[in-house]
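# Observations on the three-dimensional arrangement
One letter stands for each residue in the lines below.
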Amino acid sequence: MPPQGDSPKQPGYIRELLDAVPAGIIVTHQDGRISYINAEAERLFGYSRAELVEKSIDLLLPDRFSRNHAQLRQSYIDQPSTRYMGAGRDLYGKRKDNSEFPLEIGLRSLVADGEQFIVATIVNITRRKQLEERFSKVIDASPYGQLLVDEHGIIQMINPSLLRLFGYNRDELLGKSMDVLLPERYRDGHEKLRAGYIQKPSLRPMGLGRDLTGRHKSGTEIPIEIGLSQVESDAGNLTLAVVTDISERKRLELNLKQANAHLEEFTYVASHDLKSPLRGISDLVEWIHEDLGDKAPESVGKNIERIRLRIGRMERLIEDLLLYARAGKRAKESSVIDVASLIGGIIEMQPIPAHFHIQQEIHIKEIIAAKIPLETVLRNLFSNALKHHTGVDPHISICAEASGSYCLFKVVDNGPGIPKGAQERVFRLFQTLSNSESSGSGIGLALAKRLTESHGGQIELISEDTGCSFHVWWPRFARKDIDE
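All figures in this text were calculated on a predicted structure; none of them were measured in a lab.

So, how was this worked out
Residues numbered from 1 in each chain as written. Predicted model: local features only at pLDDT ≥ 70, side-chain atom pairs only at ≥ 80, totals over all residues. Heavy atoms only, no water. Helix = DSSP H or I, 4+ residues; strand = E, 2+ residues; numbered from the N terminus. Buried < 20%, exposed > 50% of the residue type's maximum accessible area, 1.4 Å probe, protein only. Contact = heavy atoms within 4.5 Å. Areas by Shrake-Rupley, 256 points an atom, 1.4 Å probe, with all protein chains shown as cover. Phe/Tyr/Trp six-rings, centres within 6.5 Å; stacked < 30°, edge-to-face > 60°. Lys NZ or Arg CZ within 6 Å of the ring centre and 35° of its normal. Salt bridge = Lys/Arg side-chain N within 4 Å of Asp/Glu carboxyl O. Core = buried A, V, L, I, M, F, W, Y, C linked by side-chain atoms within 4.5 Å. Pairing = 2+ DSSP bridges. Axes fitted to C-alpha atoms, helices over the stretch in contact; angles between N-to-C directions. Parallel < 35°, antiparallel > 145°, perpendicular 65-115°, else oblique. Left-handed = near helix turned anticlockwise from the far one by under 90°. Nonpolar A, V, L, I, M, F, W, Y, C, P; charged D, E, K, R; others polar.

In this section: the overall build of the protein. A tally of regular secondary structure across the protein gives 15 helices and 19 strands. Across the 484 residues of the protein, 39% fall into the buried class. Of the contacts formed within the protein by residues at least 6 apart in sequence, a portion of 56% connects residues at least 24 apart. Of the roughly 28200 Å² of accessible surface on the protein, 53% is carried by carbon and sulfur atoms.

Rendered as structure tokens:
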């Protein structure tokens with residue numbers, strides 16, 4: 001016979017054993033009358049045993065559940081088995097004070113003294129529900145589209161960001177196959193891919209190396225990135241998919257690719273179409289000079305020399321254009337660079353006037369980077385400081401130090417500085433602050449900026465009333481986006 005509330009037939013150690021169980025235990029007759037409850041069940045529902053024994057189990061159920069409970073109980077009696085009650089539904093218990101709490105119930109049939117009883121094991125899952133609600137709020141607040149799907153690809157949860165991305169409302173997707181979010185040409189093969197992931201689940205991006213697209217409710221296709229991870233739950237293994245719209249990135253990549261292609265095409269065409277007539281002009285000037293010989297007036301000789309200078313400047317400009325176009329491509333040959341040797345070599349190669357004071361402050365030994373682009377940037381900045389310094393007691397310092405995952409190079413001079421209104425345009429192509437013949441093509445700083453940014457770095461100019469300080473942040477470790 002099953003244990004009674006205070007039955008003398010029930011040994012004391014059994015009562016103590018059942019009261020020590022951390023889950024509520026309630027034993028009922030087939031008609032729903034309570035035969036026994038343990039101490040944890042008393043605590044959960046707020047009743048004493050005397051108040052519940054021989055009372056209907058419906059007393060512990062909210063009204064919305066008690067109406068159909070007799071039918072569900074009879075169904076269980078007809079086909080008894082050990083199982084969870086209310087699978088797939090939220091169940092609640094009702095306390096003596098009429099407050100409710102979420103619970104989980106396990107059922108088992110028990111036969112004693114020729115009578116069939118139902119043993120219910122009850123667990124308060126309030127804490128679990130709170131955690132689930134917090135998890136749901138985190139998912140809902142995510143700026144990235146997220147959805148949970150079961151092993152059959154049926155959507156179990158979806159957040160607002162994904163609904164906005166694909167143009168659906170929640171009711172249109174919950175409980176539906178996630179294939180609705182795929183272009184039709186991918187749906188046939190998706191089941192096989194999903195089965196492969198379920199067999200070998202891992203935290204990984206989906207469709208690596210392939211362009212993935214989703215299908216908006218309107219039929220428009222969306223370029224996306226998807227990250228997958230497996231989530232264990234009572235309903236089985238679920239897959240969490242994080243979906244990101246990369247339309248803007250794709251658009252920018254395409255625009256950048258087109259701009260670089262157009263620039264490269266222009267510079268190569270320009271170099272071919274300009275070099276030939278320029279060389280012809282140079283030859284004509286030389287022939288005129290030879291024809292005139294020593295009889296040429298002094299003014300004519302000066303003008304011929306000015307033409308030669310300008311032809312030479314034009315040739316350098318064409319070469320600079322080609323160099324600038326190539327600067328948009330990242331160099332992949334990274335190597336260990338001794339920073340002191342790099343800077344020492346740059347200084348040694350420059351013709352430095354005797355009255356200039358050059359200072360080095362090296363606080364980092366080595367970096368891993370593409371040497372030629374970095375050397376080109378620093379050489380441009382150093383030669384620029386030498387060329388444009390017009391102050392008294394000229395001083396230039398080159399510094400290098402670690403700055404997070406970057407190496408920070410500083411080229412600082414005490415020259416006249418650059419006016420604030422001109423600081424934004426010094427990095428533009430063909431921009432110079434001087435109109436003299438020796439001012440250069442105005443491509444050096446533009447080239448430095450293009451090389452720095454194409455290799456994952458950043459360049460900045462700081463100039464107040466006097467002096468210029470160029471700061472260059474260059475990655476000091478091998479980077480996947482550059483080296484692969």
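Moving on from the coordinates now.
Counted under the stated rule, the structure contains one aromatic pair. Taking the ring centre of tyrosine 186 as reference, the NZ or CZ of arginine 185 above it sits at 4.7 Å.

This part takes up the pattern of salt bridges. Inspection of the entire model under this criterion finds 17 salt bridges. As a salt-bridge pair, glutamate 104 and arginine 128 come within 2.9 Å of each other at their nearest N and O atoms. Of this pair, glutamate 104 sits in strand S5 (residues 100-112) while arginine 128 sits in helix H5 (residues 126-141), placing them 24 residues apart in sequence. The class of glutamate 104 is partly exposed, set by a relative accessible area of 22%. Classification of arginine 128 by relative accessible area gives partly exposed; the value is 31%. The partner of glutamate 286 in a salt bridge is arginine 308, and the shortest N-O contact between them spans 3.0 Å. Note that glutamate 286 is positioned in helix H9 (residues 247-292) and arginine 308 in helix H10 (residues 298-326), a separation of 22 residues in sequence. Given a relative accessible area of 28%, glutamate 286 falls into the partly exposed group. Bridged by salt links that share partners, the residues Asp19, Glu42 and Arg49 form one connected network.

Right, let's talk about the nonpolar core for a bit. Counting 37 residues, the largest nonpolar core has Ile367, Leu374, Leu381 and Phe409 as the members making the most contacts within it. Mapped by element, the contributors of at least two residues to this core are helix H11 (339-349), strand S15 (366-369), helix H12 (371-388), strand S16 (395-403), strand S17 (406-413), helix H14 (444-454), strand S18 (458-462) and strand S19 (468-475). Here the element with the most residues in this core is H12; it accounts for seven residues. If we skip the residues at most four places from it in the chain, leucine 381 touches Val411, Leu445, Ile459, Phe470 and Val472. Core analysis: the second largest hydrophobic core is formed by 20 residues, Ile34, Leu60, Ile105 and Leu107 among them.

Attention shifts here to the sheet that holds strand S14 (residues 357-362). The strand order across the open sheet built from five strands is S14-S16-S17-S19-S18, with neighbouring strands paired in mixed fashion. Bordering the open sheet on either side are S14 and S18, each of which pairs with just one other strand. Neighbour-to-neighbour, the strand axes of this sheet turn through a mean angle of 15 degrees, independent of strand direction. One ladder, built from five bridges, connects S18 with S19; its direction is antiparallel.

Once that is clear, we can look at the packing of H11 against H12. With their axes 10 Å apart at the nearest point, H11 and H12 run at an angle of 45 degrees to one another. Judged on the interaxial angle alone, H12 and H11 are oblique. The two elements H11 and H12 meet at a crossing, and its hand is right-handed. Here H11 contributes Leu342, Ile346 and Ile347 to the contact with H12, which in turn contributes Lys371, Leu374, Glu375, Leu378, Arg379 and Phe382. Here the residues of the contact of H11 with H12 are counted per class, giving six nonpolar, no polar and three charged.

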